[in-house]
Amino acid sequence: MIVVMRPTATREEVSAVRRAVEEHGLEAFVSEGEERTVIGVVGADVDRVAHLGSYPGVDQVIRVTQPFKLASVEHHPERSRVRLGDATELGVPDELVVMAGPCSVESRDQLMQTARWVRHEGARVLRGGAFKPRTSPYTFQGLGIPALEILAEAREQTGMPVISEVTDPADVDIFDRYVDVLQVGSRNMHNFVLLRAVGQSRHPVLLKRGFGSTIEEWLLAAEYILSSGNPNVILCERGIRTFETATRNTLDLSAVPVLRQKTHLPIVVDPSHGTGQRPLVAPMALAGAAVGADGLLIEVHPDPPNARSDGDQSLSFEEFGDLMDELRRLQFVRTNGNGHHGDGMPTEAGATAASSANLDELRSRIDELDERLALIVQERASIALDVQRLRGGASHGHDVARERELLERAAGEDGGPLTPDELTAIFGAVLRASRSAQRRQARAAMARVTEPVA
Ligand code: PEP
Ligand code: MN
């Protein structure tokens, strides 16, 4: 049951409601919104306090028909925000928070390298498993406490808050000392003792969806944490088990808009466990962002093929960088005012007035080059169309041998900062675009030939 106070209700009126609830052996969860205070009443037989509707300062009493109460939108009509560490907030509209790092902490060096890299690319939270809930008891189980120490050191060095999975209720105190966010894993979503224990923590909890759980069961698991006194719960969709075997799990992205209708809690999508395969991670990460997730949880490893857990689904540094670029291009991840992401790393030159004048000069040269480049590729394409016309409108109009030669030349080129591969990618794109214009011209020519004569 939810007791909604009037915007004008006084502190004393709120206290009187709370007292009445507690006198009936029920629990009251007071949540102060921007406009008004709402009191969630939970316990057996809440109807006993239905008369609260006539108390001073009370606007209305709503019976929540959903089995979850504190997680419901009725209890908290505004979307909740959860603070991660000192500087990051999850649940801010249009601000996607990327959490990244290895599946498990394997060594100090592996974690530090990854931490620096993901931060450099714009991740805001560092992940790393210390206690791994593995399907087989014979596989790597995590480094345990030493991994937590390494995570704490990485936080110290990078300033990023850290998240790690807690598997044992007895470990909650230790986690509280070392990490900023406690993760409850998919296999433990129904571990009610653990849920109650993390409900006592002063840190936020990221609750993964059980791989065989419905959304309602998931929200009821969140309810265990909330009703134990911890209001900072984050839901993480990480894929469910279905009949499909092409992916490790079926990432249920429709859960995101469904949750939006039902709960105020922030939502994170984990495309790594959701797909289990490296090439699928970036597309599903973009899809998760598009469908309205507040955050993404992504596994990144310096050497995925040799990772001690979940290497198949871990992105390399380069792949993670590409994904972050794409998230920025699509404006899911914010950049600072200059359109680039600052990670607080010292710049080589230092930002003096002279170097910033220099920077402006270099940028305007790049702008000028980009303009010329656009004109040049257009000119190249229009010559390619002339060639095609000379050969007869509907002809293929391109010379495969000459194209191959061009690509081979590019592959042998080593005179600048671009590698032969990068140069080949550019010429490949130019040729593809040019071919596409030629195909359009051929189609138009063929349509003219087959048009009936009037
Ligand atoms: C993990 O995040 O590494 C993990 C074990 O996830 P899940 O609980 O979703 O399998
Ligand atoms: Mn993993």
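Residues numbered from 1 in each chain as written. Chains lettered and ligands numbered in written order. Predicted model: local features only at pLDDT ≥ 70, side-chain atom pairs only at ≥ 80, totals over all residues. Heavy atoms only, no water.

A. A look at the overall build of the protein. When helices and strands are tallied, the protein shows 13 helices and 14 strands. Its C-alpha atoms give the protein a radius of gyration of 28 Å, clearly above 22 Å, the size a compact globule of 454 residues would have. Expressed along its principal axes, the backbone C-alpha trace of the protein runs to roughly 90 × 65 × 55 Å. For the protein, the residues scored as buried account for 44% of the 454 residues in total. Nonlocal contacts in the protein, meaning residues at least 24 apart in sequence, comprise 67% of its contacts between residues at least 6 apart. When the accessible area of the protein is evaluated, it comes to approximately 23600 Å², of which 52% is carbon and sulfur surface. (Helix = DSSP H or I, 4+ residues; strand = E, 2+ residues; numbered from the N terminus. Rg over C-alpha atoms; globule rule 2.2 N^0.38 Å. Buried < 20%, exposed > 50% of the residue type's maximum accessible area, 1.4 Å probe, protein only. Contact = heavy atoms within 4.5 Å. Areas by Shrake-Rupley, 256 points an atom, 1.4 Å probe, with all protein chains shown as cover.)

B. How the structure looks around the sheet that holds strand β7 (residues 97-101). Strand order around the closed barrel formed by eight strands is β7-β8-β9-β10-β11-β12-β13-β14, with parallel pairing between neighbours. Each neighbouring strand pair of the sheet contributes to a mean axis angle of 25°, computed without reference to strand direction. (Pairing = 2+ DSSP bridges. Axes fitted to C-alpha atoms, helices over the stretch in contact; angles between N-to-C directions.)

C. The arrangement of the site of ligand 1 in detail. Around ligand 1, a shell composed of Cys103, Arg127, Lys132, Glu165, Gln183, Gly185, Ser186, Arg187, Lys208, Arg238, His273 and Glu299 is seen. With the chains in place, 97% of the 300 Å² that ligand 1 exposes on its own is no longer accessible. Residues of the shell around ligand 1, tallied by class, amount to one nonpolar, four polar and seven charged. (Near = heavy atom within 4 Å. Nonpolar A, V, L, I, M, F, W, Y, C, P; charged D, E, K, R; others polar.)

D. Representation of the packing of helix α12 (residues 400-412) against helix α13 (residues 420-450) within the structure. The geometry of α12 relative to α13 is characterised by a closest axis approach of 8 Å and an angle of 155° between their N-to-C directions. One way to sum up the angle between α12 and α13 is to call them roughly antiparallel. Considering only the axes of α12 and α13, their crossing is right-handed. When α12 is examined against α13, the residues Glu403, Leu406, Leu407, Ala410 and Ala411 are found in contact with a partner set consisting of Pro420, Leu423, Thr424, Phe427, Gly428, Leu431 and Arg435. Looking at the contact of α12 with α13, its residues break down into eight nonpolar, two polar and two charged. (Parallel < 35°, antiparallel > 145°, perpendicular 65-115°, else oblique. Left-handed = near helix turned anticlockwise from the far one by under 90°.)

E. Main features of the packing of aromatic side chains. Tallying each qualifying case throughout the model produces three aromatic pairs. Residues Phe131 and Phe175 carry aromatic rings whose centres are separated by 5.9 Å and whose planes lie at 40° to one another, so their mutual orientation is tilted. Of the two residues, Phe131 sits in the loop between β8 (125-127) and α3 (145-158) while Phe175 sits in helix α4 (residues 172-178), which places them 44 residues apart along the sequence. Accessibility expressed as a relative area gives 0% for Phe175, which makes it buried. Here the guanidinium or amino end of Arg308 rests over the ring plane of Phe140, the centre of that ring lying 3.9 Å away. (Phe/Tyr/Trp six-rings, centres within 6.5 Å; stacked < 30°, edge-to-face > 60°. Lys NZ or Arg CZ within 6 Å of the ring centre and 35° of its normal.)

F. Main features of the nonpolar core. Leu126, Val198, Leu207, Ile298, Phe320 and Leu327 are the most contacted members of the largest nonpolar core, which totals 69 residues. Those residues in contact with Val198 that sit more than four places away from it in its chain are Val166, Val172, Leu182, Val184, Val205, Ile225 and Asn230. Counting residues in each nonpolar core, the second largest holds 15 residues, with Val41, Val46, Leu52 and Val58 among its members. (Core = buried A, V, L, I, M, F, W, Y, C linked by side-chain atoms within 4.5 Å.)

G. Molecular detail of helix α7 (residues 255-262). For α7, the set of buried residues is Ala255, Val256 and Leu259. Considered in projection along α7, the buried side chains sweep an arc of 100° and stay on one side of the axis. In this fold, the buried residues of α7 make contact with α6 (215-227), β12 (233-237) and β13 (267-269). (Arc of directions from axis to C-beta.)

H. Highlighting α12. Compared with the 18 Å implied by 1.5 Å per residue over 13 residues, the 18 Å span of α12 between its first and last C-alpha is a close match. Of all the positions in α12, only Glu403, Leu406 and Ala410 are classed as buried. Summarising the axial view, the buried residues of α12 lie within an arc of 60°, below the 170-degree limit, and thus occupy one face. Of the exposed residues in α12, the ones pointing more than 90 degrees away from its buried face are Glu408, Arg409 and Gly412. (Expected span 1.5 Å × (residues − 1).)

I. Seen up close, a negative patch on the surface. On the surface, a cluster of negative charge is made up of Glu318, Glu319, Asp322, Asp421 and Glu422. Where the negative patch is concerned, the elements lending two or more residues are α10 (317-329) and α13. No other element matches the three residues that α10 contributes to the negative patch. Here Asp421 lies in helix α13. The exposed category is assigned to Asp421, whose relative accessible area is 64%. (Patch = residues over 30% accessible without salt bridge, like charges linked within 9 Å, V, L, I, M, F, W, Y side chains within 5 Å. Salt bridge = Lys/Arg side-chain N within 4 Å of Asp/Glu carboxyl O. Lys, Arg positive; Asp, Glu negative; His and termini not counted. Charge placed at Lys NZ, Arg CZ, Asp CG, Glu CD.)

J. A look at the state of the cysteines. Following the criterion strictly, the structure yields zero disulfides and no others. For the unlinked cysteine Cys236, the closest cysteine sulfur is that of Cys103, found at 13 Å. (Disulfide = S-S within 2.5 Å.)

K. Up close: the sheet that holds strand β1 (residues 2-5). What the four strands build is an open sheet, ordered β2-β3-β1-β4; its pairing is antiparallel. Strands with a single pairing partner mark the edges of an open sheet, and in this sheet they are β2 (27-32) and β4 (58-62). For this sheet, the mean angle separating the axes of adjacent strands, direction not counted, is 20°. Where β1 and β4 come together, four bridges link them in antiparallel fashion. Across the sheet, residue Met5 finds its bridge partner in β4, namely Val58.

L. View of unusual backbone geometry. The residue Asp94 is not glycine, and still its phi comes out positive at about 60°. The backbone phi angle of Asp310 is positive, close to 55°, even though this residue is not glycine.

M. Spatial organisation of the pattern of salt bridges. The final tally for this structure, using the stated rule, is 20 salt bridges. Put simply, Glu299 and Arg127 hold a salt bridge, and the shortest N to O gap is 3.5 Å. With Glu299 in strand β14 (residues 295-299) and Arg127 in strand β8, the pair connects residues that are 172 residues apart, well separated along the chain. In this structure, the salt-bridge partner of Arg209 is Asp252, at a minimum N-O distance of 2.9 Å. With a gap of 43 residues between them, Arg209 in the loop between β11 (205-208) and α6 and Asp252 in the loop between β12 and α7 connect regions that are remote in the sequence.

N. Structural view of the environment of Val258. The topology assignment puts Val258 in helix α7. Take Val258: its relative accessible area is 26%, and that puts it in the partly exposed class. For the pair Val258 and Ile215, spaced 43 residues apart in the sequence, the C-alpha separation amounts to 8.4 Å.

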